[in-house]
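What the coordinates show
Next come the chains, spelled out residue by residue.
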Amino acid sequence: MCDVSQTDLMSGFIGALVGGLLSLAGTYISNSLQANNSKKAEEKLIMGLLQSIHDEVETLWELYMNGVGANLEALAERQPFLFFWPITQDYFTVYATNAFLIGRINNHDLRKLIIAVYSRSRGLVDSFRLNNDMVQKRQNCLMIFAETKNPVHQQQGMAFEAALSEYAAKIRKSHFEVKALTSDLLRALRKQGVLSPSSKVK
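The paragraphs below set out a description of the structure included in this document. In this text, all values refer to a predicted model and were calculated from it rather than measured experimentally.

**Observations concerning the packing of helix 3 (residues 93–102) against helix 4 (residues 108–148)**
Two elements in contact, helix 3 and helix 4, have axes whose closest approach is 12 Å; the angle formed by their N-to-C orientations is 150°. Viewed along their axes, helix 3 and helix 4 adopt a mutual orientation that is roughly antiparallel. In the crossing of helix 3 with helix 4, the sense of the turn from one axis to the other is left-handed. The residues of helix 4 that touch helix 3, namely those facing Tyr95, Ala96 and Ile102, are Arg111, Ile114, Ile115, Tyr118 and Arg122. Considering only residue class, the contact of helix 3 with helix 4 consists of 6 nonpolar, no polar and 2 charged.

Structure (structure tokens):
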């Protein structure tokens, strides 16, 4: 039977301890690298989302202001908005397809502003849908009156026109609120660096 010296035991213990520490260090470094990579991937994902939101909001607002928005701002007080704006689609594609990511934006004020802009914009679009409906009904009444000369249809057309005059004030109020929010959002997104070349998603 071989005797194990105290020196051999100590050497074995130290070797095992060093090996264990090296293993723990390797695991720690590996986990740190994975966490760092995950953090960078998350930051890249959110930056890409913010860039897409900026581009969608900026593009849609420009298109809106080049058409119905400009007409609405030019409308005189207490005048009906008789412009028919054909709304045939959901314009907020980026927001709709990435809504599940909005909660991962760390900046609370920015996150709240994004939600406010899209929510109020959808409300504005719904207002135009209702206005379109009243414009169409007014036009139908006037066309029937022109054919039949029945004053009932003329009165109905005038009633729709009065309702349109009242509703136009509400649409204008909503329009200017969305305009201010949109301006704030675009400014906030640019402060986040969405237009910076170094922030472009690759």
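Having put the structure on the table, let's press on.
**Examining the packing of aromatic side chains**
Under the criterion given, the structure shown has 9 aromatic pairs. Their ring planes at 40° and their centres at 5.0 Å tell us that tryptophan 61 and tyrosine 64 sit as a pair that is tilted. Here tryptophan 61 pairs with tyrosine 64, and both are found in helix 1 (residues 6–65), just 3 residues apart, close to one helical turn. The exposure class of tryptophan 61 is buried, given its relative accessible area of 17%. Looking at tyrosine 64, the relative accessible area reads 8%, which means it is buried. Members of the aromatic cluster, each reached through a chain of ring pairs, are Trp61, Tyr64, Phe81, Phe83, Trp85, Tyr91 and Phe128.

**Focus: the nonpolar core**
Grouped together as the largest cluster of nonpolar side chains are 41 residues, with contacts concentrated most on Leu50, Ile53, Tyr64, Ile105, Ile114, Phe128 and Leu185. Of all elements in the fold, only helix 1, helix 2 (68–73), helix 3, helix 4 and helix 5 (151–191) reach the threshold of two or more residues within this core. Broken down by element, the residue count for this core peaks at 10 residues, all from helix 4. Setting aside residues up to four positions removed in sequence, leucine 185 forms contacts with Val57, Leu110, Leu113, Ile114 and Val117.

**Side note on the environment of arginine 120**
Within the secondary structure layout, arginine 120 lies in helix 4. In sequence terms arginine 120 and valine 178 are 58 residues apart; their C-alpha atoms lie 6.3 Å from each other.

**Concerning the pattern of salt bridges**
Here the structure, examined in full by the defined rule, presents 10 salt bridges. Taking the shortest distance from any N to any O, the salt bridge between glutamate 42 and arginine 104 comes out at 2.5 Å. Taken as a pair, glutamate 42 in helix 1 and arginine 104 in the loop between helix 3 and helix 4 lie far apart in primary sequence, 62 residues in all. For glutamate 42, a relative accessible area of 27% corresponds to the partly exposed category. For arginine 104, a relative accessible area of 36% puts it in the partly exposed group.

**What about the packing of helix 4 against helix 5?**
It is the contact of helix 4 with helix 5, at a shortest axis distance of 8 Å, that shows an interaxial angle of 160°. In terms of orientation, helix 4 lies roughly antiparallel with respect to helix 5. Crossing handedness for the pair helix 4 and helix 5: left-handed. Residues of the contact of helix 4 with helix 5, tallied by class, amount to 25 nonpolar, 11 polar and 6 charged.

Reading the values: rules and limits
Residues numbered from 1 in each chain as written. Predicted model: local features only at pLDDT ≥ 70, side-chain atom pairs only at ≥ 80, totals over all residues. Heavy atoms only, no water. Axes fitted to C-alpha atoms, helices over the stretch in contact; angles between N-to-C directions. Helix = DSSP H or I, 4+ residues; strand = E, 2+ residues; numbered from the N terminus. Parallel < 35°, antiparallel > 145°, perpendicular 65-115°, else oblique. Left-handed = near helix turned anticlockwise from the far one by under 90°. Contact = heavy atoms within 4.5 Å. Nonpolar A, V, L, I, M, F, W, Y, C, P; charged D, E, K, R; others polar. Phe/Tyr/Trp six-rings, centres within 6.5 Å; stacked < 30°, edge-to-face > 60°. Buried < 20%, exposed > 50% of the residue type's maximum accessible area, 1.4 Å probe, protein only. Core = buried A, V, L, I, M, F, W, Y, C linked by side-chain atoms within 4.5 Å. Salt bridge = Lys/Arg side-chain N within 4 Å of Asp/Glu carboxyl O.

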